[in-house]
Every structure is written in C-alpha cells, then in structure tokens.
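Listed below, chain by chain, are the residues.
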Amino acid sequence: MKKIKEFGGNILSAVMPEFWKSYSELVYWKRRKNKEGDLSNDHYDYFYTEHFQINHDEYTDKRVLDIGCGPRGSLEWATMANERIGLDPLADKYLKLGADQHKMKYVTSGSEQIPFRDSYFDIVCSFNSLDHVKNVEESIAEIKRVTAPNGLFLLMVEANHKPTNCEPHEIKPEIIKQFEPEFECLMVDFYLPVESGLYESVKAQKKLENPLEADIPGWLSVKFRKI
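Not measured: the values here are computed from a predicted model.

**Here we look at the overall build of the chain**
Argument step 1. When you go through the chain residue by residue, the secondary structure sums to 6 helices and 7 strands.
Argument step 2. Counting from the amino terminus, the chain carries its helices and strands in the arrangement α-α-α-β-β-α-β-β-α-β-β-α-β.
Argument step 3. The globule rule puts the C-alpha radius of gyration for 227 residues at 17 Å, and the 17 Å found for the chain is close to it.
Argument step 4. When its C-alpha atoms are laid out on the principal axes, the chain stretches across 55 × 40 × 35 Å.
Argument step 5. With 227 residues in all, the chain has 50% of them scored as buried.
Argument step 6. Once local pairs closer than 6 in sequence are excluded, the contacts in the chain between residues at least 24 apart make up 70%.

**A word on the environment of Glu 36**
Argument step 1. Within the secondary structure, Glu 36 sits in helix 2 (residues 17-36).
Argument step 2. Given the relative accessible area of 28%, Glu 36 is considered partly exposed.
Argument step 3. Side-chain polar atoms of Glu 36 contact the side chain of Arg 32, separated by 2.7 Å.
Argument step 4. Side-chain polar atoms of Glu 36 contact the side chain of Arg 72, separated by 2.7 Å.

**With respect to the confidence of the model for the chain**
Argument step 1. Across the chain, the average pLDDT comes to 93, with 93% of residues at or above 70.
Argument step 2. This model gives residues 1-9 a pLDDT under 50, and the stretch forms 1 contact once residues within four places in sequence are excluded.

**Notes on the nonpolar core**
Argument step 1. Among the nonpolar cores identified, the biggest contains 34 residues, and Tyr 48, Tyr 59, Phe 127, Leu 154 and Met 156 are the most heavily contacted of them.
Argument step 2. Every element with two or more residues in this core is listed here: helix 2, helix 3 (44-48), helix 4 (91-94), strand 4 (121-127), strand 5 (147-159), strand 6 (183-191) and helix 6 (198-204).
Argument step 3. Sequence-distant contacts of Phe 127, that is, excluding residues within four places in its chain, are made with Phe 47, Tyr 48, Phe 52, Asp 66, Ile 67, Gly 68, Leu 154, Met 156, Leu 198 and Tyr 199.
Argument step 4. Leu 87, Val 107, Ile 140 and Val 157 belong to the second largest nonpolar core, which has 30 residues in total.

**Section: the side chain of Ser 24**
Argument step 1. The topology assignment puts Ser 24 in helix 2.
Argument step 2. Separated by 2.8 Å, the side chain of Ser 24 and the backbone oxygen of Trp 20 make a polar contact.

**Observations concerning the pattern of salt bridges**
Argument step 1. Inspection of every chain in the model, using the stated rule, returns 11 salt bridges.
Argument step 2. Among the ionic pairs, Asp 92 bridges to Lys 93, the shortest N-O distance being 3.6 Å.
Argument step 3. Relative accessible area serves as the criterion here: at 35%, Asp 92 is assigned to the partly exposed category.
Argument step 4. For Asp 189, the salt bridge goes to Lys 207, with nearest N and O atoms at 3.6 Å. In this pair, Asp 189 is assigned in strand 6 and Lys 207 in the loop between helix 6 and strand 7 (218-226), connecting sequence segments 18 residues apart.
Argument step 5. Overlapping salt bridges, with partners in common, bring together Arg 32, Glu 36 and Arg 72 in one network.

**Topic: the sheet that holds strand 4**
Argument step 1. With respect to topology, 7 strands assemble into an open sheet ordered 3-2-1-4-5-7-6, the strand pairing being mixed. Only two strands of the sheet have a single partner each, and these edge strands are strand 3 (105-108) and strand 6. Between one strand and the next, the sheet's axes are offset by a mean angle of 15°, whatever the strand orientation.
Argument step 2. Looking at chain direction, strand 1 (residues 63-67) and strand 4 are connected through 4 bridges and run parallel. When the sheet's bridge partners are listed, Ile 67 is paired in strand 4 with Ser 126.
Argument step 3. Strand contacts of helix 5 (residues 136-146): strand 1, strand 4, strand 5, strand 6 and strand 7, with the helix running at about 150° to strand 5, the strand carrying the most contacts.

Conventions and cut-offs
Residues numbered from 1 in each chain as written. Predicted model: local features only at pLDDT ≥ 70, side-chain atom pairs only at ≥ 80, totals over all residues. Heavy atoms only, no water. Helix = DSSP H or I, 4+ residues; strand = E, 2+ residues; numbered from the N terminus. Rg over C-alpha atoms; globule rule 2.2 N^0.38 Å. Buried < 20%, exposed > 50% of the residue type's maximum accessible area, 1.4 Å probe, protein only. Contact = heavy atoms within 4.5 Å. Polar contact = N/O pair within 3.5 Å; in protein donor to acceptor, adjacent residues only side chain to side chain. pLDDT = per-residue confidence, 0-100. Core = buried A, V, L, I, M, F, W, Y, C linked by side-chain atoms within 4.5 Å. Salt bridge = Lys/Arg side-chain N within 4 Å of Asp/Glu carboxyl O. Pairing = 2+ DSSP bridges. Axes fitted to C-alpha atoms, helices over the stretch in contact; angles between N-to-C directions.

See the structure below:
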C-alpha cells in the first residue's frame with residue numbers, strides 16, 4: 001500500500017506539480033495539528049526580534065508582512081504593530097486549522113503577486129519559505145516593491161539543498177546579490193543544520209565563519225535594509 005501511494009504521488013508530482021505541492025504542504029500541517037493539538041507560536045518572538053538584533057519597539061505602529069506564514073500564528077506576538085499580515089497560498093485552508101482564532105490577518109496569495117501597494121510594509125519577513133515559492137525572481141521583485149524605504153527584510157531559508165516537490169528551488173548564499181541595489185545587507189549568518197529544523201538549528205548556534213562561501217546544506221539568515 002505504501003509503494004502504491006508513493007507511485008501515485010510520483011505521478012501527480014510529475015503531471016500536476018503545483019497541485020501536489022499544495023496538497024503535500026496541507027497534509028503536513030494537518031498532521032502537525034493532529035499531533036500537537038493547538039499549533040504553538042510562542043517560539044516566534046525571539047526569531048523576529050533578538051535573533052536579528054531588533055527591539056520590540058522597532059515594531060511599534062509598523063506594518064509587518066510574513067511571506068509563507070503557515071498556520072501557527074507567526075505574528076501573534078507582535079501586538080505593538082499597526083498591521084500584521086500573513087501571506088500564504090494556503091491561508092484560507094489554514095483558517096480551518098485554528099488560524100481563524102488569531103488576531104493577525106491572513107491573506108491567500110503567492111509571493112509572486114503580493115496584493116498590496118508599493119512601499120506598504122515597514123518590515124517584510126520570509127522564514128523557511130523562499131525555496132517553496134513558485135518563482136524566486138518574481139518573489140524577490142515583489143519583496144523589493146512592497147518594502148518601504150528604510151524598511152527591513154528578514155530572510156531565513158534552507159540553502160544548498162537538492163530541490164524537492166515542496167521546496168523546488170536550490171537557494172545559494174549568493175542569492176543576497178539578487179536583492180541589490182535596492183537592499184543593503186546588514187547581517188548574514190549560515191547555520192549548520194540539526195535534525196529538527198530551522199529554529200532549532202539557529203538556536204544551536206553552529207555557524208560557519210564565511211557564510212557567503214557555504215556550499216553545504218544549512219540555514220541562511222540575512223537582515224536587509226531597503227535603501
């Protein structure tokens with residue numbers, strides 16, 4: 001039975017890759033929901049603030065966008081912000097997993113066409129999502145467009161991994177150059193992976209000395225400011 005499911009999945013992945021990608025990601029979150037009950041979000045605060053050397057005050061009265069937000073409520077902690085938007089192609093589905101109880105707003109959209117005007121957001125974030133998007137170049141162009149002058153873009157992404165159905169892009173550290181000249185890089189780190197994923201890897205603090213030269217799988221973390 002397992003081999004039959006895998007065979008069917010391989011066919012759908014080849015014939016209908018976007019459908020299979022969305023289906024697989026939704027199944028993942030449903031399994032997390034079944035395992036955890038309420039999907040927790042207490043851990044996010046640290047990664048949006050202290051990890052990037054940002055004070056909570058810097059979020060006060062700001063408009064914040066989280067690209068590829070997932071259903072956990074990644075911006076629930078940011079009660080001081082003026083507007084908290086979670087953008088995700090599956091956002092409408094996430095409401096049925098408990099996201100409808102969150103105070104942040106969910107918008108169903110890909111990052112290739114963000115439905116907000118130019119320079120709308122003061123802080124834009126993409127945590128473990130840029131390698132999931134349909135088109136990286138179009139997503140970067142949209143990030144540049146919707147980030148306000150002097151605004152921040154916070155990026156954490158798995159780098160140097162082989163493409164998969166749900167993560168179809170191999171992101172390399174030199175992606176930083178694609179944000180120039182609109183953005184300047186304020187800080188960059190490369191974390192060696194631990195088995196449990198992005199956030200645990202960052203907390204483990206096993207960093208490479210030369211992050212831009214990394215050619216092994218790991219987690220790239222970059223803080224940008226729009227010029």
